[in-house]
Structures are given as C-alpha cells and as structure tokens.
Amino acid sequence: MSDIDMKQTRAESNEQRTTTTVGETEEELQSEWSAYEFDGQTKISVSDLDVYYGSDQALRGVSMDIPEKSVTALIGPSGCGKSTFLRCLNRMNDRVSSARVEGSVTLDGEEIYQDGVNLVELRKRVGMVFQAPNPFPKSIRDNIAYGPRKHGDIDTGLLARLLGDANPEEEEDLIQRSLRQAALWEEVSDRLDDNALGLSGGQQQRLCIARCLAVDPEIILMDEPASALDPIATSKIEDLIESLAQEYTVVVVTHNMQQAARISDQTAVFLTGGELVEYDDTDTIFEDPNSQRVEDYITGKFG
Amino acid sequence: MSTERQTQLVSTQSSIGSRATVAIIGLGLVVFAVSWLALFQWIGGETDVLGVGLFRLLGVCLLFIGVGTGACGFAARSGRIAATPRRSAGLLTGVLFGLLGFLVGGLSGAQTFGLGTAGWLVSAAGIGTAAATAAVFPREELGSTIPPSVFVTFVGAVITAGIIDAGWTWTPVDLSVTLIGPVVVPLLTIVASLIGVWSAAKAHSGFGARGRQSGAFLLISLSILGMLSVLVLLVGFIVVRGLDTVLTDAGVGIGSITVLNIQIPWVDVQIPFLMNVTQGLFVDVNGILPAIVGTLWLVIGAVVFAVPLGIGAAIFLTEYSESERFTQLVEIATNGLWSTPSIVFGLFGLTFLLPRISNNHRSLLGGQLVLGFMLLPLVVITSYEAIKAVPDEFRDASAALGVTRWQTIRSVVLPAAMPGIITGIILGVGRIAGETAPLLFVFPRSTFPSSVPNVLGSFEFSLAPPFVTNEALLSGGSALPYQLYASITSGHVPGQTFTVEQFGWGTAFVLLIVVLALYGIGITTRLYFQRKLQHE
Ligand SMILES: Nc1ncnc2c1ncn2[C@@H]1O[C@H](COP(=O)(O)OP(=O)(O)OP(=O)(O)O)[C@@H](O)[C@H]1O
Ligand SMILES: [Mg+2]
C-alpha cells in the first residue's frame, strides 16, 4: 500500500471521527494523543466509545486506531475499563445484560456495532484469550478442534465418515499447526487424547491460545493472559505473543509495565474513570510521555 | 488461670487416666450396641448373663460409667489428668443438661413421688436448673463430666435396682399408649451410654478444643453407624422374608432352544415367582411377572415423557430466560409441583387424562403420564441446578470462538452438567418406581392380573388418524407397589402356594431389587459421563 493510500485511510477515519463526535470538550480531551501516526494499516478503529453498566459509565469517549500485525498493549490501574474495552472489540459485552455500548468500532472499515452484524463471523475473526485459562473439560484434541468442528470446517463425526465427508487428516494438521504456533506441541504431542484439565496452568493457557488460533482469527484479544502464571510460563507466553504479531493483530491487556514495554509496539494508557489518556509508541509512552498523569502512573506515583 | 495456659505439643497424659477413659468409652460402646439388640428384642431383657439378668447388667455397667466419668472430672480438676479445659462447658451443653434434668425431675416427681401438677413442675424446674447450672458454671472439666456422671449413675441405679425392669409398664394418663420395660430400658441405656461416652471422650482428649472435637466425632460416628444399621436392618428384613418366596420351586437346568433346526444348549433358569402370571388356569406357583413388567413400562414411559421436557425447561431457564422474575416464578411453581401430594396427581389423571387418552379406561399410558408429571419437577430442579453450576468460563470461551449458544449448550454445557442431571433422574425414578397412590385411580386393571402387558407387540399402524394405536398402552395393568398394596388389602392371594404375607414380602423384595437395579443403571451412566469429563 502506498503512502498516499495510507494517508487517505487516515483522513477517512478522521472524517468519520468528526462526524460521530458528540461534544467539543471530548475532542479536546483526546487531542494530546490523536496525533499518533503509525506506519501500517489500521485494523481496528474505535471512535467515541462509551460503555455503561446500568447507570455506571465504564468507558468515556475512547477513540483509537489499532494497526494491523502488531502488538498493542493496554495498561492502566484496576477498574479503569481495560477489560471492558477489550470486550467491546468482539462484542463479548453483548453477553452482559446490563452493559450498553455507544460509539463506533470498525474492523477493516466495517462497523461492528450495527444491525445485522453476524456475531459468529465477528468472533471467528476476532479471537479472545481470557485471564484465567479456561479449557473445556475435554481432550486436548477436542479442545483445539472445537471451533473448527462447530463451524463445520472440519468434520470427523460418524455421519461424515459414513457420507465420506470426514477429513481426519485435515484435523490432525490443524491440531498440530495450532499447537506448534502456541509452542505447546512438544509438550503434549504424545497425549492429545488426555483431558486438558490435566495440564499445568501455563500449558492450559497456551492450549487456550492454540484453541483460539485454530479458528484462524485475524485479531487476538488477550486479557492479562499471563497473570496467573509463573515467570517461566510467562516468558513463554510473551515470546509467543511477539511471534504471533507476525501474522496477527494482537491486543493485550496487562498490569505488568515491563511486560508491556517488552512485547508491545504501541501502548494505550487508561486511567481511572474509563478514559484513554495517552496512546503512542511504546517507547514514547515509557520514556517520554506527554501527560503528567501517565508519567506518574508509569513511575508508580499514581495508580 | 492464665498461668496454667501452657500448651504442650505432645500430650503427656498420665497413662492411668488415659486407660481409664478408654475403658469407659469401650464399656459405653458395648452397652450402646447391646441396648440396640435388646431394643429389637434379639436379646431378651431377662437373658442370663454372668448370673444376672441382661438389663440389670446394663444398669451395673452404667453405674461404672457414671462413677468413672465423675472420677475423671475430679482427677482432671486436681491435675491428675492432663487437661486444657475452657472456662465453661458451653451454653449448648447447659441447655441440653437443663432439658434432661427437667425431664428427669418432672417424670420422677409426677410418677415416682406422685406429686401434683404444681409439685412436679417445681421438681422439674429445680432439677433442670441445677443440671444447667452444674454444666455451665464450673470449669469445663467439671461442667462436662459431673452432670453426665449424675445422670448416667441415676439411670444405672434405677435399672440396677429394678425400679424399671422388663416387667415394668406405664400408661401415662391422657395418652393411649403403654410404655413397656423391654422398650424403655434399652432406650434409657442407649441415651445414658451415649452421654457417658461423650463425656469420657472429652476427658480422654483433655477437654478444650480437642476434647470437644473428640466428643463430637464420637457422636457423629455413632450416628452414621446408627443410620447404616437402620439400612441394613430394613434391607436384611426384606431380603430374609422375601427371598424364601422368590425362590419357591426355583431351579436351574440345562434346556435348549432350537434355532434353524440346530439345538443350542441353554442354561434354563426357572424362578416361578418372577416368571409366572399372578392368576391363571395352569399356574401352580403364582408369580408377579405382570407387575414387574408393568413397573418397568411405567418407569420407561415416565422417563421418556419427563426427562426431555424437564431438561429442556432447565436449559431455557438457565441459558435463554432473560427475566429474573419469570425464572423465579417457574422455580416456585416447580417446587410446588414437587411437594404436591401424589394422590392429587392420581386424581388429576383420573379426571383430566383418562377421558382424553383412553376413553375413561384405566391405562398404562395414563399411569406413565401421571408418574411423568411427578418426575418432571425433580428433573427440572436438579437439571437447573446442575446446568447453573457449569462455570460461565466455558460459555465465554465457547462464545469467544464464535460458537452459537445452542452448539455451546449441546457440546459444552450439557456434557458438564450430565452427572448432576442423571443424579436427579436416579432419585426421581427411585421415587416414582415405588409410588402406589398416584396409580390407584388411573392404572390398575385387576388385583391379580393374568397376563403380561405386551407393549412392543401391540403397535398397530393405520393410514387414517391417529395412524398408530397400541392396545397395551391403553389398557391397565399392575405394578409392584400396587400389587403389594392390593394383595395385602384384599386379604387373600390366588392359589395355595403362598400366604398373603409371603406373597407380600416376595413382592417387596422384588420391588427393592428392581429399584436397586434402576439405581445401578443410573449410577453407571453417571460414572460414564463423569469419566468422560475427567479422563476421556
Ligand atoms: N459485568 C459488569 N457489571 C457491572 N459493572 C461492571 C461489570 N464489569 C465491569 N464493571 C465495572 O466497569 C469498570 C471497569 O471494569 P473492567 O473490568 O473493564 O476493569 P479493568 O480495567 O479490566 O480492571 P482489572 O485490571 O482489575 O481487570 C469497573 O468499575 C467495574 O466495576
Ligand atoms: Mg480486567
């Protein structure tokens, strides 16, 4: 994509933003970071996102563009709305009955908060890994193949075998590929039929990542994926995240500043009250942040 | 007191004290066990043991226990038994011994000394207060040994002295029951031995937290033992009485069946009671096959009707219902349905179902539906709980993979909830298989049926509505609990082989076996699903 094209995309998304802006003050609030320009194509564009749980507002006018094939870290104190933001990107907030989302989120330029959006397709494209490993009480094989089987991409059932539609080799391939991508293959290749609950916490988390990869998403959302793990398992997950960024757009929530600094290309800082205070290159955020509040937070004076 | 608060890791209890308490506990347990045997009159109260009557011997044992626990208390008080007692034995102990004292005081005041109402009230209140005071105010080692000691010694003395013995009877005024010695004495010795054992166990562990733990543990173990023995007693009784009937004229021989002109040897088991119809021209040993088959079809029909409906309702409530209020409403309705008396279900079947399904005739289908209605609420309740217990993380994980709600329910939620759901079905089936009342109006055809319902062979298909009919489903029959009820109430059974009682016990035994077999099937299924969740 040429530079001109890219500028055009930016211009378009800026235009979109101004048209959906509600008030002037919010526009000003965002001004300190909206200058952030990245070289790369915008994958997700969020503008003026407000989220309410009942009458409590959890996010206030958040706008940010997330470039593709990179790692974006979300940091901020507990309760500032990082998980809420993440869950807006694959509309998992729809599952919380009290949650109300206003604003716009586009995926490759397509609005995901409009009528007629197919949630199944959306979540196939935007995968998610949760804070606590949550493998199904099934075998490792069934865990990985779960998504593709349900989507009908792979079928090794009895009926499929009878009809000659079964594709067990494809399933083997897929399982192996996903497990390799998640750096788990070596550890579990000889016990694919064992129950996944028998794995260690770190292995379970990598299994969850593999399960997510098996659906072949474009974006992977991770909510503190390493918070329940020991340093060694954590560093495995971190390496994994960095390597995933070659092919996928990764958005990761973390409480660990060093982790954010190590693995991410750009960092967004949320502060209490649900506002996005600064969003920039990770280096800039950690070395020379614009906002005093961000600096205080990063240096541990506030938070 | 604080100077004595010295904790020791290794208890250096004097071996004499420890041996004494163990001996008291042992003696108490023996008294407890023997008393139960005496209560069921497996041992007569006058049986000669070591030259004295059994009851008197139990009394003497109680005297030993009573005096022993008291001695332990004093020994602990004077430091001869190592103990870490608390400030008091506690309010609960006080209340219990207060009530016990009230009872003893009242009864002996009114009965032994013939005091009037005012008199026995005064004596009851006086002794009750004294017992409560003695339990609460002294330090724990006295509070939890002296009142028990006095009570156990008192009971021991009364029995040893023969004031209450095997020949004793008492008909309380205003009550139409007569209490007799052979029942009252064992009951008294059971209570007294329990109290003695509890007290001695506390003394053995040196009171305090450990003592309370020992006392509680002993009582709890004795109650589980009691529960098991009730079970064994009940089942044993039925088996002993019933097996005889079931095995009448039974035999095993070598028979053969002919398939395509080839004779295949076959173990030929003959159990007439299980294989014959209840009444018939050529029946020499009257059996209960129609009732067995009837019960099985009833259960199958009820399960087929209620289980899908119940699980469906539970899925709706947990996974789809958005309205909290609606869920609560259904929950209340379900609980109401579950506690509805079963005879009401029968009446409903009679007046609502029978006219609509079988032309006002009693029918198997009617019985199946009525039992199904009874089973339904339990299936809903247990499935609802089981599905709700499936962690939301599974649902989130599945949704995040872009899997639809229904696929999630089918492949993640239901398998995880299956063991719980099946437990509910097992419990429900166990209950409906033994129900008589709801069937009375809708199912029985004759008291002693002469044919077995042939459900599978009775399907008839036609091109005109209703397309399929089944004569066997539309006619009544007999079921095991009903058969039992019918033969006992009618006062006679056909044929000369069995008396009414024998026939009844045989039926009860078979009913027990059928229910246990259904349990067995259920538990195996549950294990299968559990294993799938854990190992695969
Ligand atoms: N399901 C919910 N119902 C009501 N309020 C919620 C819900 N989920 C989150 N909130 C509220 O929204 C706010 C943001 O929560 P969120 O979980 O997004 O924070 P977070 O930044 O992820 O915090 P943490 O770092 O502790 O995970 C909090 O005040 C929280 O109480
Ligand atoms: Mg969070």
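Position labels on residues start from 1 in each chain and follow its written sequence. Note on labels: chains are lettered from A, ligands numbered from 1, in written order. This being a predicted model, a pLDDT of at least 70 is required before a residue's local features are given, and a value of 80 or more before pairs of side-chain atoms are given or counted; all residues contribute to the totals for chains, interfaces and linings. Side-chain metrics in this entry use all non-hydrogen atoms of the structure; hydrogen atoms and water are not considered.

1. Describing the overall build of chain B
What counts, and what does not: Numbered from the N terminus, helices here are DSSP runs of H or I no shorter than four residues, and strands are runs of E no shorter than two. We compute the radius of gyration from the C-alpha atoms alone; for a globule the expected value is 2.2 Å times N to the 0.38, where N is the number of residues. Each residue is assigned to one of three classes by its accessible area relative to the maximum for its type, calculated with a 1.4 Å probe on protein chains only: buried under 20%, partly exposed between the two thresholds, exposed over 50%. Contacts were defined at the residue level, with two residues in contact if any of their heavy atoms lie within 4.5 Å. Only the protein chains shown count as cover for residues, with accessible areas throughout obtained via the Shrake-Rupley method and a probe of 1.4 Å.
Looking only at helices and strands, one finds 19 helices and eight strands in chain B. Taken against the 2.2 N^0.38 rule, which gives 24 Å for 536 residues, the C-alpha radius of gyration of chain B at 31 Å runs more than 25% over that of a compact globule. C-alpha extents for chain B along the principal axes are approximately 95 × 70 × 55 Å. The buried share among the 536 residues of chain B stands at 43%. The contacts in chain B between residues at least 6 apart in sequence include a share of 73% that link residues at least 24 apart. With the model as given, the accessible surface of chain B reaches about 27800 Å², and the carbon-plus-sulfur share is 69%.

2. Remarks on a negative patch on the surface
We count it as follows: Each patch is built from residues that are more than 30% exposed by relative accessible area and take part in no salt bridge. Like charges join if they lie within 9 Å; nonpolar side chains (Val, Leu, Ile, Met, Phe, Trp, Tyr) join within 5 Å. We count a salt bridge whenever a side-chain nitrogen from Lys or Arg sits within 4 Å of a carboxyl oxygen from Asp or Glu. We count Lys and Arg on the positive side and Asp and Glu on the negative side, and we leave His and both chain ends out. To locate a charge, take atom NZ for lysine, CZ for arginine, CG for aspartate or CD for glutamate.
Side chains of Asp39, Asp239, Glu242, Asp265, Asp281, Asp283, Glu287, Asp288 and Glu295 of chain A sit close together on the surface and give a patch of like negative charge. Counting only elements with at least two residues in the negative patch, the list comes to α10 (231-244) and α12 (282-287) of chain A.

3. Considering the domain arrangement of chain B
We count it as follows: Bear in mind that the domain bounds are from an automatic or database domain assignment.
What the domain assignment reports for chain B is domain 1 (2-89 + 138-236) and domain 2 (289-535). The distance between the C-alpha centroids of domain 1 of chain B and domain 2 of chain B comes to 47 Å.

4. Describing the pairing of strand β5 (residues 251-259) of chain B
Residues and elements named next belong to chain B. Put simply, the test is: Should DSSP find at least two bridges between two strands, the strands are regarded as paired.
Here nine bridges tie β5 to strand β6 (residues 262-270), and the two strands are oriented antiparallel to one another. Counterpart to Ile254 in the pairing with β6 is Val267. Hairpin geometry of β5 and β6 is characterised by an intervening segment of two residues between the two adjacent antiparallel strands and by a positive phi of about 50° at Leu260.

5. Here we look at the interface of chain B and chain A
The condition is simple: As used in this structure description, the phrase polar contact means that two N or O atoms lie within 3.5 Å; if the pair is within protein, one of them must be able to donate a hydrogen and the other to accept it, and residues adjacent in sequence are counted only when both atoms belong to side chains. When residues are sorted by character, Ala, Val, Leu, Ile, Met, Phe, Trp, Tyr, Cys and Pro go into the nonpolar class, Asp, Glu, Lys and Arg into the charged class, and all the rest, Gly among them, into the polar class.
Taken together, the contacts link 21 residues of chain B with 26 residues of chain A. Taken together, the connections running from chain B to chain A amount to one salt bridge. Where Arg95 of chain A meets Asp396 of chain B, a salt bridge forms, and the shortest distance between an N and an O atom there is 3.1 Å. Our count for the chain B to chain A interface comes out at nine residue pairs in polar contact (both at pLDDT 80 or more). Broken down by secondary-structure element, the contributors of at least two residues to the side of chain B that touches chain A are α14 (392-400), α15 (405-433) and α19 (500-534) of chain B. With eight residues, the top contributor of residues to the side of chain B that touches chain A is α14 of chain B. Residue composition of the side of chain B that touches chain A, grouped by class: eight nonpolar, eight polar and five charged.

6. A look at the site of ligand 1
Residue and element names in this part refer to chain A. The cut-off we apply is this: One heavy atom within 4 Å of a molecule or strand is enough for the residue carrying it to be called near that molecule or strand.
All residues adjacent to ligand 1 are Tyr53, Ala58, Ser78, Gly79, Cys80, Gly81, Lys82, Ser83, Thr84, Val96, Glu224 and His255. Within the backbone of Gly79, one N or O atom sits 2.8 Å away from an oxygen atom of ligand 1. Contact with the protein chains covers 60% of the free accessible surface of ligand 1, which is 630 Å². When residues of the shell around ligand 1 are assigned to their parent elements, the largest contribution, three residues, is made by helix α3 (residues 82-89). Looking at the shell around ligand 1, its residues break down into four nonpolar, six polar and two charged.

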